[in-house]
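A look at the structure
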Amino acid sequence: MNKIGIFCSASQTIDDIYFQKTEELGKWMGEQGKTLVYGGANMGLMECVAQTVKQSGGNIIGVIPSKLEESKRVSALPDRFLHTKNLSDRKDIILAESDVMIALPGGIGTLDEVFHVMASATIGYHSKKIIFYNINGFYDDLLTVLKMCEEKQFTRGELSLYYDVANTFKELTNLLNK
Ligand SMILES: Nc1ncnc2c1ncn2[C@@H]1O[C@H](COP(=O)(O)O)[C@@H](O)[C@H]1O
């Protein structure tokens, strides 16, 4: 798993623990020579992971829609940019470029990306997984809702076919090393 897609918050005002855990992941990715594939913005956990991947020797691909390019929120860190027309094709390009994807804590943008990846897997477009990095139990409530959908048979089979959960950094790197 060399190319790792990351979906994560663009917010600057979240608790410091999310930045610390993101830095730990970015450092590991750089040291392992991994490539980060992400949304390419210079904000929040996105810029944080890109900075630490870069400092530790990894490569970075930023996938950036034209509307965001106009907004001056584009990071200077990616080694390569892939330009997209809109948010929808960006999700497909991040998916196509990544071997596996991680959901760090995030808001509506992150959740949109995660659900796009899982929904397209359920109908056979691909067989790549999302790993929820459950820092501080951030995804506990969402995971409960997914389980409830499964128990009430609103899903086609077990959703755990499409995602894994890492509650610790060790669990995350074990999944990435599989
Ligand atoms: N301003 C943005 N620039 C680039 N990418 C963005 C931006 N806002 C959202 N994204 C994408 O969505 C998530 C972050 O959204 P949150 O609502 O903060 O979770 C990130 O993975 C970007 O790909």
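Residues numbered from 1 in each chain as written. Predicted model: local features only at pLDDT ≥ 70, side-chain atom pairs only at ≥ 80, totals over all residues. Heavy atoms only, no water.

Thoughts on the site of the ligand
Using the following cut-off: Definition of nearness: a residue and a molecule or strand are near each other if at least one heavy atom of the residue lies within 4 Å of the molecule or strand. Under the rule applied, a polar contact is a pair of N or O atoms within 3.5 Å (in protein, one hydrogen donor and one hydrogen acceptor; residues adjacent in sequence only if both atoms are side-chain atoms). Residue-level accessible areas treat just the shown protein chains as cover; the underlying method is Shrake-Rupley with a 1.4 Å probe. Where helices and strands are cited, they refer to DSSP runs of H or I of at least four residues and of E of at least two residues respectively, numbered from the N terminus. In this count, Pro and Cys sit with the nonpolar residues alongside Ala, Val, Leu, Ile, Met, Phe, Trp and Tyr, while Asp, Glu, Lys and Arg are called charged and the others, Gly among them, polar.
Not every one of the 16 residues close to the ligand is listed here, only the nearest: Ala10, Gly107, Gly109, Thr110 and Glu113. Note that an oxygen atom of the ligand is positioned 3.4 Å from one of the backbone N or O atoms of Ile108. Side-chain polar atom of Thr110 to an oxygen atom of the ligand: 2.6 Å apart, as the coordinates give it. Across the complex, the protein chains shield 85% of the 490 Å² of accessible surface that the ligand would expose by itself. Of the residues forming the shell around the ligand, the biggest block, four residues, is contributed by helix H5 (residues 108–122). Of the residues belonging to the shell around the ligand, the class tally is eight nonpolar, six polar and two charged.

Details of the packing of helix H4 (residues 87–97) against H5
Rules: Simply put, an axis is a line fit to the C-alpha atoms, just over the touching stretch for a helix, and the angle between two N-to-C directions goes from 0 to 180 degrees. By definition, turning the near helix anticlockwise from the far helix through less than a right angle yields a left-handed crossing, and turning it clockwise yields a right-handed one. Whether two residues are in contact is decided by their heavy atoms, any of which lying within 4.5 Å being enough.
With their axes 10 Å apart at the nearest point, H4 and H5 run at an angle of 65 degrees to one another. The chirality of how H4 crosses H5 is right-handed. Contacts from Arg90, Lys91, Asp92 and Leu95 in H4 reach Asp112, Glu113, His116, Val117 and Ser120 in H5. Of the residues assigned to the contact of H4 with H5, the class counts are two nonpolar, two polar and five charged.

Function cannot be inferred from these measures alone, as they are strictly geometric.
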